[in-house]
Amino acid sequence: MKVAFVTPRYGPEVMGGAETAARQLAEHLVADCGAEVEVFSTCALDHVTWEDVLEPGDSELNGVTVHRFASDAGRNPDFYGLDGKLRLAPREATRRESQRWVELNGPVTNRLLAALSESDAQVAAFYPYLYYPSVKGIGHVPMPGVLHPAAHDEPALYLPIFRGTYTNADAICYHTIAERRLVQRIHPVADRPQIVLGLGVSDPAGNGRRGGAVLGIGERPYVVSVGRVDSHKGSVMLASFFATYKERHPGPLCLALVGPVSAEIPEHPDIVVTGILDEGDKWDVVRDAKVSISPSALESFSLVVLEAWQESLPVMVNAACDPTREHCERSGGGMWFGSYREFEAILERLLDDDDLRHVLGRRGRAYVDRHYQWPVLIRRYAEFLGQVIDRGRGTTGVL
Amino acid sequence: MSATLEPASDSDEDAYLARVLSEIEAEVRAKRASGELPARVERELDELFLEFSPVAGRAGGLHDALRMVDAATFIDPVVPVGSAKSGGAVVKKGLRSLSLWYVGYITHQVSQLATAVSRALHILDEQVTDLRRQLDAQRVPPSLVVEADWANGPDAWWVEEGVRTLAAARGRVLHTAAGDGWLVRRLTAEGVSAYGVDPRPERIERAEFDGTDLRDEDVVAHLRAVESAALDGIILSGVVDGMTAGERLALLDLVVDRLSPGGTLVVHSLSRAGWESDQAPVAADLCGGHPLRLATWSFLLGEQGFDVRAQPGPEGLDYLVVGVLGDTVTASR
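Sequence order as written defines residue numbering, which begins from 1 separately in each chain. In the order they appear in the text, chains get letters beginning with A and ligands get numbers beginning with 1. A pLDDT threshold of at least 70 governs which residues receive local features in this predicted model, and a stricter bar of 80 or more applies before side-chain atom pairs are shown or counted, although totals over entire chains, interfaces and linings include all residues.

A few points about the overall build of chain A
Of the regular secondary structure elements, chain A holds 15 helices and 14 strands. Atoms counted for the radius of gyration: C-alpha only. Globule rule: 2.2 Å times residue count to the power 0.38. For 399 residues, the compact-globule estimate of 2.2 N^0.38 gives 21 Å, and chain A sits close to it at 22 Å. For the C-alpha atoms alone, the extent of chain A along its principal axes is close to 60 × 45 × 40 Å. Residues with at least 20 other C-beta atoms within 10 Å of their own are called buried, those with 12 or fewer are called exposed, and the rest are partly exposed. The C-beta atoms themselves are positioned from the backbone. The 399 residues of chain A split such that 55% are buried. Residues are treated as contacting if the C-beta atoms built from their backbones sit within 7 Å of each other. Within chain A, residue pairs in contact and separated by at least 24 positions form 67% of the contacts whose partners lie at least 6 positions apart. The helix and strand labels rest on DSSP assignments: H or I over at least four residues marks a helix, E over at least two residues marks a strand, and numbering proceeds from the N terminus.

Some points on the overall build of chain B
Each helix and strand counted, chain B has 14 helices and 7 strands in total. A compact globule built from 333 residues would reach a C-alpha radius of gyration of about 20 Å, whereas chain B, at 30 Å, exceeds it by more than 25%. For chain B, the C-alpha atoms occupy an extent of roughly 95 × 60 × 40 Å along the three principal directions.

Quick word on the domain arrangement of chain B
As annotated, the domain borders come from an automatic or database domain assignment. Looking at chain B, the domain boundaries give domain 1 (10-138) and domain 2 (159-331). Here the C-alpha centre of domain 2 of chain B lies 48 Å away from the C-alpha centre of domain 1 of chain B.

Thoughts on helix 14 (residues 354-371) of chain A
Taking 1.5 Å per residue as the helical rise, helix 14 of chain A with its 18 residues ought to reach 26 Å, and the 26 Å between its terminal C-alpha atoms agrees with that figure. L356, V359, L360, G361, R363, G364, Y367, V368 and H371 of chain A are the residues of helix 14 of chain A that are buried. The span you would expect from a helix comes to 1.5 Å times its residue count less one.

Here we look at unusual backbone geometry
All names here are of chain A. Here G106 and P107 are connected by a cis peptide whose omega angle stands at -5°. Within the secondary structure layout, P107 lies in the loop between helix 3 (95-105) and helix 4 (110-118). Of the consecutive residues Y127 and P128, the connecting peptide bond is found in the cis state with omega at -10°. Along the chain, the position of P128 falls in the loop between strand 5 (123-126) and helix 5 (132-137). Of note, A150 is a non-glycine position whose phi angle comes to about 50°, a positive value.

Points about the domain arrangement of chain A
All names here are of chain A. Segmenting chain A into domains produces domain 1 (2-200 + 374-391) and domain 2 (211-371). Domain 1 and domain 2 are separated by 30 Å when their C-alpha centres are compared. Between domain 1 and domain 2, the contact holds 13 residues from the first and 9 residues from the second. If one sorts the elements of the side of domain 1 that touches domain 2 by residue count, helix 7 (residues 177-186) sits on top with 4 residues. When residues are sorted by character, Ala, Val, Leu, Ile, Met, Phe, Trp, Tyr, Cys and Pro go into the nonpolar class, Asp, Glu, Lys and Arg into the charged class, and all the rest, Gly among them, into the polar class. Among the residues making up the side of domain 1 that touches domain 2, the classes are represented as 7 nonpolar, 5 polar and 1 charged.

Here we look at helix 13 (residues 340-352) of chain A
Counted at 1.5 Å a residue, the expected span for helix 13 of chain A with its 13 residues is 18 Å, and the 18 Å between its end C-alpha atoms agrees. Helix 13 of chain A sits mainly inside the fold: 10 of its 13 residues count as buried. Of the residues making up helix 13 of chain A, those classed as buried are Y340, R341, E342, F343, E344, A345, I346, L347, R349 and L350 of chain A. Considering only its buried residues, helix 13 of chain A is in contact with helix 9 (235-248), strand 13 (315-318), strand 14 (334-337) and helix 14 of chain A together with helix 1 (10-34) and helix 2 (39-51) of chain B.

Focus on the sheet that holds strand 2 (residues 36-42) of chain A
Residue and element names in this part refer to chain A. Two strands qualify as a pair provided DSSP detects at least 2 bridges between them. Strand order in the open sheet made by the 8 strands is 3-4-2-1-5-6-7-8, with mixed pairing throughout. Whereas interior strands pair on both sides, the edge strands pair on one side only; in this sheet they are strand 3 (57-61) and strand 8 (194-196). Strand-to-strand twist across the sheet, computed as the mean angle between neighbouring axes with direction ignored, equals 20°. In the sheet, strand 7 (residues 171-174) pairs with strand 8 via 3 bridges, with the strands oriented parallel. Bridged to C173 within strand 8 is I195. Only C-alpha atoms enter the line fits that serve as axes; for helices the fit covers just the stretch in contact. Angles between N-to-C directions range over 0 to 180 degrees. Along the sheet, helix 15 (residues 374-391) makes contact with strand 1 (2-6), strand 5, strand 6 (145-147), strand 7 and strand 8, crossing strand 5 at roughly 125°.

A few points about the nonpolar core
Residue and element names in this part refer to chain A. Ranked by internal contacts, the top residues of the largest apolar core, which has 191 residues, are V3, F5, A124, V146 and A256. It is helix 15 that contributes the most residues to this core, 7 residues altogether. When near neighbours in sequence (up to four residues on either side) are disregarded, V3 contacts L29, A35, V37, A121, V123, A125 and L385. Nonpolar core, as used here: buried Ala, Val, Leu, Ile, Met, Phe, Trp, Tyr and Cys residues forming one set through C-beta atoms within 7 Å.

Digging into the pairing of strand 3 of chain A
Residues and elements named next belong to chain A. Within strand 3, only 0 of the 5 residues are buried, which leaves it mostly out in the open. Looking at chain direction, strand 3 and strand 4 (residues 64-69) are connected through 5 bridges and run antiparallel. For G57, the partnering residue across the bridge sits in strand 4 and is R68. Between strand 3 and strand 4, which follow one another and run antiparallel, lie 2 residues, and N62 among them has a positive phi close to 50°.

Considerations on the sheet that holds strand 1 (residues 172-176) of chain B
All names here are of chain B. Here we have 7 strands laid out as an open sheet, ordered 3-2-1-4-5-7-6, and mixed in their pairing. Of all strands in the sheet, those bounded by a partner on one side alone are strand 3 (214-215) and strand 6 (306-312). As paired elements, strand 1 and strand 4 (residues 231-237) share 5 bridges and run parallel to each other. Bridging across to strand 4, R172 finds its partner in L231. Each of strand 1, strand 4, strand 5 (259-270) and strand 7 (318-325) is contacted by helix 6 (residues 159-166), which is oriented at about 175° to strand 5, the strand it contacts most. Against the sheet, helix 13 (residues 294-303) touches strand 5, strand 6 and strand 7, its axis set at about 170° to strand 6.

Quick notes on the environment of P155 of chain A
Residues and elements named next belong to chain A. Relative to the assigned elements, P155 resides in the loop between strand 6 and helix 6 (161-167). Considering only alpha carbons, one finds P155 and L86, 69 residues apart in sequence, at a separation of 8.1 Å. In this view, P155 contacts R87 and P90; residues no more than four positions away in its chain are not counted.

As for the interface of chain B and chain A
On the chain A side, the residues contacting the 44 residues of chain B number 41 residues. Looking at the side of chain B that touches chain A, the elements that each hand over two or more residues are helix 1, helix 2, helix 3 (55-59), strand 1 and strand 2 (193-197) of chain B. The leading source of residues in the side of chain B that touches chain A is helix 1 of chain B, at 10 residues. Its residues assigned to classes, the side of chain B that touches chain A shows 24 nonpolar, 8 polar and 12 charged.

Considerations on the environment of V359 of chain A
Residues and elements named next belong to chain A. Within the secondary structure layout, V359 lies in helix 14. With 23 C-beta atoms packed within 10 Å, V359 lands in the buried category. Distance from V359 to L313, taken between C-alpha atoms, is 9.5 Å for residues 46 residues apart in sequence.

Right, here's the structure in full:
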């Protein structure tokens, strides 16, 4: 089987859920299934500017052939004005407006698409739905196309241009049932061959240090939130909730925010902001936490929730985030909060109740073992791609 | 708060977790009613929560939305005077004192307006809640999957005919109430691009690991998310038997729209005799509707432009209807 992945950014330097997912699937297809995989990507690392940073040309990364192309255009400054206008009523945007939105958003990559059309790959996997390569590629290249949407409930999803992106896909690979439900609510693609796959988790690999030592808090108990520290990701809200909780429940409990920082968190004696930790330290911190909290309402999958369950840790998630809530409902491994009141009541209960934490952690771990260990997951994905190849290309795509 | 229970099995754990959740909900309600957290603090925290919630998540419940309205009703005219610049606080405090009579007059009126709006919304909420209670009391039970071992499985008499009818389909074929995917697998083995939906998640779980394309979805919700003329075949088995007349006609409208020109509809249903017999499944007693007579299906599908073929089962307990959608119907859409 020969598979082409199409993603605007690719490589270990790229911080991004969708891009990391694409790389993991590509590398596991090679390593676990013996597939031949090539990637068509740009030279960009930054998803805001799409500036060409890496060298164009061919290279190999962990068994995957990577073809990089300089972009014809990155993000145009006019994008922000148009985006501000269209996001108010995205369904009302005209096709021309939304097509222009995609072009201004970038990266415009016609050379990449021309090269993909020349490839002898049997199937192309496009990741994610939002950018030019997927919009202009799906349905317009000779091989069948699988769309990995990585969709959130965001204004762009409602733009008319993306109806073609979805309906031209020969098959769709979702992260969660919630993502499928969201996409099907907006675009008429329920009949498309599809799979709810998600992502695999790697084995925990700590450095063997105490989590409290990594955080510099000694033996104090703590809860942890792993991921980008960003107001959009709920980190500011979590810090405020936690500060209020500590005012009302004084004690040694700390909050550790672990991940790249792009929002200012007010200084607080019980909140530790670590920045980026190496993988070993991160696992040490997660392992010794009392509870893992995912405050983001805008996740399409959330590996960090699954990683917490790898360590049999109970989790708390944002009730407005359908994918993480779905993980908790299906697994019975976590609880969700929709207000400060609920946050406080759940956290208080979890911290006081060892049995409850144990039950949630065990059920979360069982859920991960059943659905998200790489050998299981990559076999399902390879079978799915095989079926897509057997069915072949659908109708010619239209924009 | 502490629990010492160590549940033993999954069902014990499910019950345990449900009890914990209901205890937490009760505690949240009690604390909210007690007002021990200042309303302004709660409002600010809830606003932070909602700031980056997705559109759908913001809808929440009407009660929650009203809580936010109530918390925001009072407009505070005493503005903060803190300042990073030396003397800034003194200047701000002076300005505040000078303008308080004016700002206070305005905010008082705005607060009064907000209170009136909040009161009106509460009345509306009470009326909607009351209406909902009345509707709940009169609600027709949702149609259930009507599945009998003898009628809905690989050995049932109609399966060969159904598979033969659809074997030549070139596009997608949908099986509703697909169960564990037994018919989808059979059709796939014949080279048909088949998939299934079933509203019972526990029935389709196994298929996740054997590559069968099954989804945990209700048939009507599913068809609403399908493009016009996207399907070459639809098999309705275990679905239409217990539907009410309205549900059945709404489904039929969707089926006609979603089938491609020349597309095939296969309907399997218990007959009236089968519905009344001891061999009928329990669901037969719980549904809001009952099966149509064979002749009625022929009539309904004929009216919709199908070329209809009907066949009663060997015992008279069920029947099969096959309809092929005429090109003229789809051309007129």
